[in-house]
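Commentary on secondary and tertiary structure
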Amino acid sequence: MVFRFILRRLLSGVVLLFLISTIAFSLLYVGGGDIARRILGQMATPETVAQKSEELGLNRPLYEQYVDWLSGAVRGDLGSSWFTGQLVTEGITSRLAVTLSLVIGAIILIAIVAVILGVWAAIRGGWADKFVQAISILGFAIPGFLIALGLVTLFALNLKLFKPTGYTAFTDSPSGWAASVTLPIIALAIGGIAGVAQQVRGSVVDALRQDYVRTLRSRGLSFNRVVFKHVLRNAGGPALAVLAVQFVGLLGGAVIVEQIFAIPGLGQVSVQATTQGDIPMVMGLVVATAAIVVIVNLLIDLLQGWLNPKVRLS
Amino acid sequence: MFRWKSVTAAVAVAALALTGCSASDTSSSDSASSTLTLGLIVPATTFEAANMNFANESPYGQAVYDTLLKEDPSGELLPSLATEWSYNDTNTVLTLTLRDDVKFTDGTAFNADAAAQNLTRFRDGTSPNKSFLASLGSATAIDDTHVELTLTQPDPALLHYLTQNAGMQGSPAAFGAADAKTNPVGSGPYILDTKKTVVGTSYEFTANPDYWDKDSVHYDNLSLKVFADTTSMLNAVKGGQVNGAKLGDNTNNAEVEAAGYTLNPFELDWTGLILFDRAGTLNPALADVKVRQALNYAIDGPAMLKAVGEGLGTPTTQIFPESSAAYDKKLDDRYAYDPDEAKKLLAEAGYADGLTLDMPSTSLGNPAVFTLIEQQLKDVGITVNYTDTGTNFIADILAPKYGATWMQLQQDNDWALINFELTPNASFNPTHYQDPTVDALVATIGTTTGDEADAALKELNAYVVEQAWFAPWYRVQSNYATDAKTQVETQVGNAYPYLWNFTPAS
């Protein structure tokens, strides 16, 4: 049953990937312009530009180029970047871990802080509720890049507690890694905390009004036990759904944060590749990001099913 | 119930623990005196010697490759892999004497055959500067230490080109390797550490232990970091994370100096208008020299320098740099701002009622530039119609789709400049406009040397200014920032200082 579900979702994921890659390829070429000129810059003669176009196969019909790309992609060969010469698969895998560490770090931070704030607001009500709502609105209202810039200015440049730019791999130095990802993770998480805290608060308030809570309380279970064992489990489903959406949103947020902190993740390479018109790299990124989204959604569905048997049946 | 005080305390403890980590980390290895860390605004397009770019990418190539010749910061030729060089009487055969003690990092010996192969590959490759070796007919190894370059026509800039990417020497054993674009094999002062390098972001090098010219290597390690975003570059400077950095523009100079950095100014580019359509094929009005001169008079160059150039630069109306024999100080203000003169010239050319000019704009440039051009030209009766070309700006102007455009161009070595902007086949003469006077002067410059060539250069410059092929406003001052631990000499004619001119401050 579960395997059939996973298989079906994976198959639809493959169809989705095909559609997305086809659309992306067409769109990239529509707005592509003179790519060879962009690669070579203003110093190159028209003859060199023409030679480069031919070398890259840009003179061939669009469908031929796409079929070539697709047959390579199916075999796991996504070509190499036109602007750095690096293999696309290598460029993505080497940066995937960096972006995932930021996004997963931010998701964990969001989950912890948002659950604490949401549950606190729902249970305490009154000024605590208003306080959480106020900071949620602030978190929503301030653009991510401003938060990032504010964090760099205060904690890195003025207080000199962190490095303003750069990334240290965990394997090189765990403390260096923590120092390099702390500010970006906070910058990424603030907006998400605002959204998820509101969702958790709402779900907990709803759950607390349910009959079963009254029944459990009347049986003599402590309030804390009811909240943490039963209410949170019920409220967890919707919160997880929001977290899944957040995950995808954070991949987008990472684009700006990685640029500001000069972190070599997928976001940074996305900006570079799209501005330059580095089609092989952009196509690789589109496929990788779409695959991540498909996998994350599948995992969230499975997790929700585990949390809530009703979802399993549907 | 939640005990928020304990939660706050826990968060505070975690924060302290983290800041403890980071504080110690900030003061760690990056700033070690044996490592030179430089900020660049572009990644290396490729490390393959035959296709390498130069200018802002020059440090990548200079780290791993030797060139046949070198130049000092003022542009004087110096020996490198070639110790002697001489031309035949007709300047069509160049013979180079090569060192015999150089090995590539894969153990292959450098010799005349390797040099000949590298030169031919560059000529046939797709480097943006491939035209540097356009005059190379053949390169032949005479013996192990002598290579002969036969030219199809004299090329006064060839020796200069051999100091740049055209002269870079890669190991023939690595030609065509699958990873040639990201794993260079040269004989240069450094070796790229591909394991520590994040392509496109940071490139890490270690000193080549067997380097033949150890005196020119001042650091054990080299780290080239790419900051495509101006904000992150500025933050890296303010955070003291780089020893030297190329600043994208002059808007943050005060902050950079306040962070303890020294600004090393240099003037490389000129900025203003290029009036491509001298034959009037796209806009008949531009065929009239009076209209082109009117465009020179209509825009207040010194005011543009103040308004959009932060006042950092020198007003000029010529495209040749101060270091050139063609340079004439008087031509710096040949067309002093005079809107009345512009109107008078337009009237004489038959455009008393005004004319319309189609021009490209781009978000890559300062938007104020385009507004100011439009306003000032409107004042003399010229209506500008802009088309936003986005990232296709260069491609569109070189197509050519416009008769006139705003541009900022490098003031290169004379012969390079001539072949880049003036000759019928020059990239920045996309309408292939030809003028017999220019052709004759260029021919003299190409075939003579000394006073005769210098006189022709001066005459050419004066003629082009008088014919108003361009409408330059000012030479742009750029700045290279270095921290207190680092000294550098900027390089005439290049966007980035040469690697060996960085030294630890004494």
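Residues numbered from 1 in each chain as written. Chains lettered and ligands numbered in written order. Predicted model: local features only at pLDDT ≥ 70, side-chain atom pairs only at ≥ 80, totals over all residues. Heavy atoms only, no water.

1. What to know about the side chain of B:Asn264
Residue and element names in this part refer to chain B. Operational definition: Secondary structure elements follow DSSP: runs of H or I no shorter than four residues count as helices, runs of E no shorter than two count as strands, and numbering proceeds from the N terminus. Polar contact is the term for a pair of N or O atoms within 3.5 Å; when the atoms are in protein, one must be able to donate a hydrogen and the other to accept it, and sequence-neighboring residues count only if both atoms are side-chain atoms. Contact between two residues is taken to exist if any of their heavy atoms lie within 4.5 Å; hydrogens are not considered.
Position of Asn264 among the secondary structure elements: in strand E14 (residues 262-274). A distance of 3.5 Å separates a polar side-chain atom of Asn264 from the backbone oxygen of Thr262. Here the side chain of Asn264 touches Thr482 through a polar contact of 3.0 Å, side chain to side chain. Those residues within four positions of Asn264 in sequence are excluded, and the remaining contacts are Ser478, Asn479, Tyr480, Ala481, Thr482, Val488 and Thr490.

2. What about helix H3 (residues 46-55) of chain A?
Residues and elements named next belong to chain A. In plain terms, the rule: When a residue's accessible area, from a 1.4 Å probe over protein chains only, is under 20% of the maximum for its type it is buried; when over 50% it is exposed; and in between it is partly exposed. Arc definition: it is the arc formed by the directions from the helix axis to the C-beta atoms.
For H3, the set of buried residues is Thr48, Val49, Lys52 and Ser53. The buried residues of H3 occupy one face: seen down the axis, they fall within an arc of 140°. For H3, exposure combined with an orientation more than 90 degrees from the buried face picks out Glu47 and Glu54. Buried residues along H3 sit against helix H2 (35-40). Following H3 by one or two positions, Gly57 adopts a phi angle in the positive range, close to 75°.

3. Some words on the confidence of the model for chain B
What counts, and what does not: pLDDT expresses, on a scale from 0 to 100, how confident the predictor is about each individual residue.
For chain B, the average pLDDT comes to 91, and 93% of its residues sit at 70 or higher. A low-confidence stretch, residues 1-32 of chain B (pLDDT under 50), is modelled with 30 contacts involving residues beyond four sequence positions or located in other chains.

4. Quick word on the pattern of salt bridges
Proximity of charged atoms lets side chains of opposite charge pair with each other. Residues and elements named next belong to chain B. Short version of the rule: Counted as salt bridges are all cases of a side-chain nitrogen of Lys or Arg within 4 Å of a carboxyl oxygen of Asp or Glu.
Scanning the entire structure with this criterion turns up 20 salt bridges over all chains. The closest approach of N and O atoms between Asp124 and Arg123, which form a salt bridge, is 3.0 Å. Several salt bridges converge on common partners, so that one network encompasses Glu267, Glu322, Asp332 and Arg475.

5. Comments concerning the pairing of strand E7 (residues 136-143) of chain B
Residues and elements named next belong to chain B. Stated formally: Any two strands with at least two DSSP bridges between them are considered paired.
In this sheet, strand E8 (residues 146-151) lies alongside E7 in antiparallel orientation, the contact comprising six bridges. Note on E8: the bridge partner recorded for Ser138 is Thr150. Here E7 folds back onto E8 in antiparallel fashion, the turn holding two residues.

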